[in-house]
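# Remarks on the overall topology
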Amino acid sequence: MAQRVALITGGGKRIGAATVSLLMDNNWFVIIHVRTSVSEAEEILQAFEQKNGAKAPAEILQADLNSDEELAELIQAVLKHEKVKSCGGLHALIHNASIYSSKDYEVVLLEELRLNNRLHLEVPFLLTQGLLKPLRSAQGCVIGMVDTSLGRAWKGLSHYTASKAGLRQLMMNLAGDLAPDIRVNCVAPGAIIAADWESEHFASLLEKIPLGRAGEPLDVAKAIMFLADSSYLSGQTINVDGGWSVSP
Ligand SMILES: NC(=O)c1ccc[n+]([C@@H]2O[C@H](COP(=O)([O-])OP(=O)(O)OC[C@H]3O[C@@H](n4cnc5c(N)ncnc54)[C@H](OP(=O)(O)O)[C@@H]3O)[C@@H](O)[C@H]2O)c1
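These notes cover the structure that comes with them. (Residues numbered from 1 in each chain as written. Predicted model: local features only at pLDDT ≥ 70, side-chain atom pairs only at ≥ 80, totals over all residues. Heavy atoms only, no water.)

### Observations concerning the packing of helix α1 (residues 14-25) against helix α9 (residues 217-229)
It is the contact of α1 with α9, at a shortest axis distance of 8 Å, that shows an interaxial angle of 55°. When the axis of α1 is compared with that of α9, the two are oblique. The crossing of α1 and α9 is right-handed. Contact with α1, carried on its side by R14, I15, A18, T19, L22 and L23, involves P217, L218, V220, A221, K222, I224 and M225 of α9 and no other residues of that element. (Axes fitted to C-alpha atoms, helices over the stretch in contact; angles between N-to-C directions. Helix = DSSP H or I, 4+ residues; strand = E, 2+ residues; numbered from the N terminus. Parallel < 35°, antiparallel > 145°, perpendicular 65-115°, else oblique. Left-handed = near helix turned anticlockwise from the far one by under 90°. Contact = heavy atoms within 4.5 Å.)

### Comments concerning the environment of T19
Position of T19 among the secondary structure elements: in helix α1. Taking the C-alpha atoms as reference, T19 lies 12 Å from M145; in sequence the two are 126 residues apart. Filtering out sequence-adjacent residues up to four positions away, T19 remains in contact with I8, I94, A221 and I224.

### Some thoughts on the sheet that holds strand β5 (residues 141-145)
Spatial ordering of the open sheet is given by β3-β2-β1-β4-β5-β6-β7, a layout of 7 strands whose pairing is parallel. Pairing within the sheet leaves two strands with one partner each, and these edge strands are β3 (58-62) and β7 (237-240). Strand-to-strand twist across the sheet, computed as the mean angle between neighbouring axes with direction ignored, equals 20°. Running at roughly 165° to strand β4 (residues 92-95), helix α5 (residues 110-130) makes contact with β1 (4-8), β4 and β5 of the sheet. Where helix α7 (residues 158-177) meets the sheet, its contacts fall on β4, β5, β6 (183-189) and β7, and the angle it forms with β6 comes to roughly 155°. (Pairing = 2+ DSSP bridges.)

### Some words on the site of the ligand
Surveying the vicinity of the ligand reveals 28 residues, the closest of which are R14, R35, T36, S37 and I192. A distance of 3.1 Å is found between an oxygen atom of the ligand and a backbone nitrogen or oxygen belonging to I15. Interatomic distance of 2.5 Å between a side-chain N/O atom of S37 and an oxygen atom of the ligand. Here the ligand, which alone exposes 890 Å², has 92% of that area covered by the protein. Only α1, β2 (28-34) and α7 provide two or more residues apiece to the shell around the ligand. Its residues placed into classes, the shell around the ligand shows 14 nonpolar, 8 polar and 6 charged. (Near = heavy atom within 4 Å. Polar contact = N/O pair within 3.5 Å; in protein donor to acceptor, adjacent residues only side chain to side chain. Areas by Shrake-Rupley, 256 points an atom, 1.4 Å probe, with all protein chains shown as cover. Nonpolar A, V, L, I, M, F, W, Y, C, P; charged D, E, K, R; others polar.)

Here is the structure:
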């Protein structure tokens, strides 16, 4: 199969890094967006090169997505990218960049809600809009990284869960708006890798998961690649959560 091109936001570490490696192993060229994790992204490329003895099929682009200017520059860099032009467009756009913090609703600031909305909702809205042309020419797909919080109450996470619900609905709406040229889906990880502040809480969560353990970043990466490869899937969300979302 001819080489396909993906852009992943926040691809330098954790779930993003596992996704980059899996895509490269499967002959994708990956545009890896990072904000600060340049050296971590370079290590992914070095690991690929050591394993395969060949140059990694990837390029790292840096942008703070809170900045309108840097978001616009990222869009321009992807539109002009030599691989996007030579491979027939952009085959997958993965909205992975995220922030995650806990704060009681009584004290959480409007500024924090706005930052969550910016990264989880505004940026996917604007980035998808800016990249419609290469997505259309490749008959590509968009994948939003949401989570398993939808429809449930999570203490201290109102600012985060509300913004991820917005992303999920945006993706479902675009599955209709952008059809038939572009497929749009979501992946909803459960407990995969704890944030620094939640390691104790994370251990207690695992008791509620039917499969009895945390997932691996590779489990999530496989779901992303499955959606990218599945030409008749649109408007779907895959929960990668060990059965958590259906447990009582
Ligand atoms: N980890 C889990 O168990 C879990 C559970 C449920 C859902 N998810 C979802 O799955 C996805 C991946 O999870 P993760 O834990 O691997 O993500 P993460 O480490 O929390 O975040 C991914 C990347 O987002 C980037 N980012 C943050 N603020 C940014 C900004 N202003 N501009 C540009 N990039 C920014 C960071 O890039 P730099 O490092 O380059 O600064 C970071 O590495 C996320 O969307 C997350 O919500 C994860």
